[in-house]
Amino acid sequence: MDPATIRQHIVDTHPGTYVLEANGDLYFVHDPARDLPPERQLPWATIVTSDAHDTASDLGRPGVFRLNIGLPKALFAELWPAGAEHDRTALDVLVPHPVYGPMHWVAVLNPDTSWPTVRDLLARAHALAERKYANASRRRDGA
C-alpha cells in the first residue's frame, strides 16, 4: 500500500471524511456538514511522511510512511495490554502510536499484509469519529 491508495480508500469508504494536507502529511477529519470550527477539526486518522513530529518511527528512510489511527479505548486495550515493548521502526506491524498511544492511537509503517486488519481498524475509528461528531452536533443544537 502507498499513501495515495490509502487516501483514496479512506475517502471512498468513509462518508463525511475530508482530507487536510500539510507539509506532505494527510489528516482525515469527519465533518460531513463541514460545519466544525477549526479548533474542533480533529483527525481520526493521519498519514505522516517525515520525522517532523517525532523520530520514533525513523520515517527518514526512503519510501517509509506511518498510518495512524485513533481507536476506541476498549479496542485499544484489547489489542495492547499495558507494559508491552514494541519496535516502532518495524514495517507492516501494528503498534501503539509512539506519542499518542496513551490516547488510544495505533500506528503502522507501510501497511501491506496487515491491510485487512488495518482496514477494519479504520472502519472502527471512523465509526468513533461519527459518534463524536453526532454528539458534538447535538450539544451545539441544544438537543
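Residues numbered from 1 in each chain as written. Predicted model: local features only at pLDDT ≥ 70, side-chain atom pairs only at ≥ 80, totals over all residues. Heavy atoms only, no water.

**As for the UniProt feature "domain: DUF6194" (unreviewed entry) in the chain**
Applicable threshold: UniProt positions are given in the numbering used here, feature names are shortened, and annotations may be inferred rather than shown by experiment. Put simply, DSSP marks the helices as runs of H or I at least four residues long and the strands as runs of E at least two long, and each gets a number from the N terminus on.
Residues annotated in UniProt with the feature "domain: DUF6194" (unreviewed entry) correspond here to residues 1-136. A distance of 33 Å separates the end C-alpha atoms of residues 1-136, which is 29% helix and 22% strand.

**Structural notes on the layout of surface pockets**
Counted only if it meets this: Put simply, the grid is 1 Å and covers the protein atoms alone, a cavity is a trapped set of points that fit a 1.4 Å probe, a pocket is an open set with protein on both sides within 12 Å along at least five of seven lines, and lining residues have an atom within 4 Å of a point. Grid points are joined across faces, edges and corners, and a volume is the space filled by probe spheres set on the points. Put simply, Ala, Val, Leu, Ile, Met, Phe, Trp, Tyr, Cys and Pro go in the nonpolar bin, Asp, Glu, Lys and Arg in the charged bin, and everything else, Gly too, in the polar bin.
The calculated volume of the largest pocket comes to roughly 680 Å³. Mapped onto the lining of the largest pocket, the elements with two or more residues apiece are β2 (25-30), β3 (43-48), β4 (66-70) and α3 (115-141). With 7 residues, α3 is the single largest residue contributor to the lining of the largest pocket. In terms of residue class, the lining of the largest pocket is built from 17 nonpolar, 7 polar and 6 charged.

**Focus on empty space enclosed by the protein**
Taken as a whole and assessed by the stated rule, the structure comprises 1 cavity of 30 Å³ or more. The space that makes up the largest cavity amounts to roughly 30 Å³. If you trace the largest cavity, you find it lined by Ser57, Arg66, Asp87, Arg88, Ala90, Val93, Val95, Ala107, Val108 and Leu109. Residue contributions to the lining of the largest cavity peak at 3 residues, all from strand β6 (residues 105-109). Residue composition of the lining of the largest cavity, by class: 6 nonpolar, 1 polar and 3 charged.

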